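Next come the chains, spelled out residue by residue.
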Amino acid sequence: MRFLLPVWLLLISLSVHSQVLKKKTLGIYQGEIPSYALELGEEVFQVDKAAIQVELHADGTLLETIDSKAVKGTYLILKEDKNTVYLEVKLDGQYIPESYVLYKKDKRLERKGIYPQPDVFLKKS
């Protein structure tokens, strides 16, 4: 029984630390969402391009800023391999989670846009 306690503590500590991004991947990523068309019924609206900035924090939170509108949220690591980290992002006031892909070697972040928004690549600054 005494030997099971250290093993159990080791397993718990590994699982807790597996959900944290490495310090070198945290920081500010910037890019630009290209313009796109939004169809609402029979009307078609043209949405202009917009600057986007995503700031990843070590505590599992992020700040997404599109033009001047900032929204806080949380991220969860879905899958991680040698070169990429797949993230699920839940922003405050948004019901549909967003998908992000973090490319470690390239130091870039891909934001999978919710239809009709296009996907966008952000570079670390």
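If you're wondering where the values come from, they're calculated on a predicted model, not measured in any experiment.

**Re the pairing of strand E1 (residues 27-33)**
(1) Moving on: Judged from the seven bridges that link them, E1 and strand E4 (residues 50-56) form a sheet pairing that is antiparallel. Looking across to E4, one finds that Ile28 is bridged to Glu55.
(2) Moving on: Of the pairings in the sheet, the one linking E1 to strand E10 (residues 120-124) comprises two bridges and is antiparallel in character. Bridging from a neighbouring strand, Gln30 pairs with Lys123 of E10.

**Here we look at the confidence of the model for the chain**
Atom-level detail of predicted coordinates should not be read off regions where pLDDT is low.
(1) Moving on: On average, residues of the chain carry a pLDDT of 87, and 85% of them reach 70 or more.
(2) Moving on: Here residues 14-18 is a poorly scored stretch, pLDDT under 50, and it has two contacts once near neighbours within four places are set aside; other chains count.

**Here we look at the pattern of salt bridges**
A side chain with one charge may pair with a side chain of the opposite charge, provided their charged atoms come close.
(1) Moving on: In total, this model carries five salt bridges according to the counting rule given.
(2) Moving on: With a shortest N-O distance of 3.0 Å, Lys104 and Glu80 are connected by a salt bridge. Taken as a pair, Lys104 in the loop between strand E8 (98-103) and strand E9 (108-112) and Glu80 in strand E6 (residues 69-80) lie far apart in primary sequence, 24 residues in all.
(3) Moving on: Judged by its relative accessible area of 23%, Lys104 is partly exposed.
(4) Moving on: Looking at Glu80, the relative accessible area reads 39%, which means it is partly exposed.

Reading the values: the criteria
Residues numbered from 1 in each chain as written. Predicted model: local features only at pLDDT ≥ 70, side-chain atom pairs only at ≥ 80, totals over all residues. Heavy atoms only, no water. Pairing = 2+ DSSP bridges. Helix = DSSP H or I, 4+ residues; strand = E, 2+ residues; numbered from the N terminus. pLDDT = per-residue confidence, 0-100. Contact = heavy atoms within 4.5 Å. Salt bridge = Lys/Arg side-chain N within 4 Å of Asp/Glu carboxyl O. Buried < 20%, exposed > 50% of the residue type's maximum accessible area, 1.4 Å probe, protein only.

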